[in-house]
Amino acid sequence: DEVLVQGPKVLVTGATGLLGRAVCREFQRNGWMVTGTGYRRARPRFLRCDLTDEDAVRRLLQEYKPDVIVHCAAERRPDVMERHADAAVSLNVHATSTVSKEAGHRNRAQKMWIPKQSFS
């Protein structure tokens, strides 16, 4: 019998953005099983997930069980952040906290990486 060995699994949030797409490509080139998430522009290539919804984040991590999480989702445009400050804080602060907290609650050892560029 042949045994199919799968590479490690990575979850990339914000995979529809410039940074997230580049991160996904790099992991794919290196043999990882990549699951990317987005919100408005997610379908059909990536999973649609509202990272500001704690239950949705919990379900996502339970279903996909990533070995590594790369959190690229953020609102980075200053004009949008000024006009929609509450939404920006919800995504940039609260969603980051939720992803980190839920990753910490998983039984599997996981690592979470937040690229510095996602906050610029």
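Procedures and definitions
Residues numbered from 1 in each chain as written. Predicted model: local features only at pLDDT ≥ 70, side-chain atom pairs only at ≥ 80, totals over all residues. Heavy atoms only, no water. Salt bridge = Lys/Arg side-chain N within 4 Å of Asp/Glu carboxyl O. Helix = DSSP H or I, 4+ residues; strand = E, 2+ residues; numbered from the N terminus. Buried < 20%, exposed > 50% of the residue type's maximum accessible area, 1.4 Å probe, protein only. Pairing = 2+ DSSP bridges.

A. Inspection of the pattern of salt bridges at higher detail. What the rule picks out here adds up to 6 salt bridges. Notably, a salt bridge pairs D55 with R58, separated by 2.6 Å at the nearest N-O pair. One end of the pair is D55 and the other is R58, both in helix α2 (residues 54-64) and 3 residues apart, which spans about a single turn. Looking at D55, the relative accessible area reads 43%, which means it is partly exposed. Given a relative accessible area of 27%, R58 falls into the partly exposed group. Shared partners join several salt bridges into a network, and the residues in it are D55, R58 and E102.

B. Seen up close, the pairing of strand β4 (residues 68-71). Here β4 shows two buried faces, one formed by V68 and V70 and the other by I69 and H71. Examined bridge by bridge, strand β1 (residues 9-13) and β4 share 4 bridges and lie parallel to one another. Bridging across to β4, T13 finds its partner in H71.

Any functional reading would require information that these geometric values do not contain.
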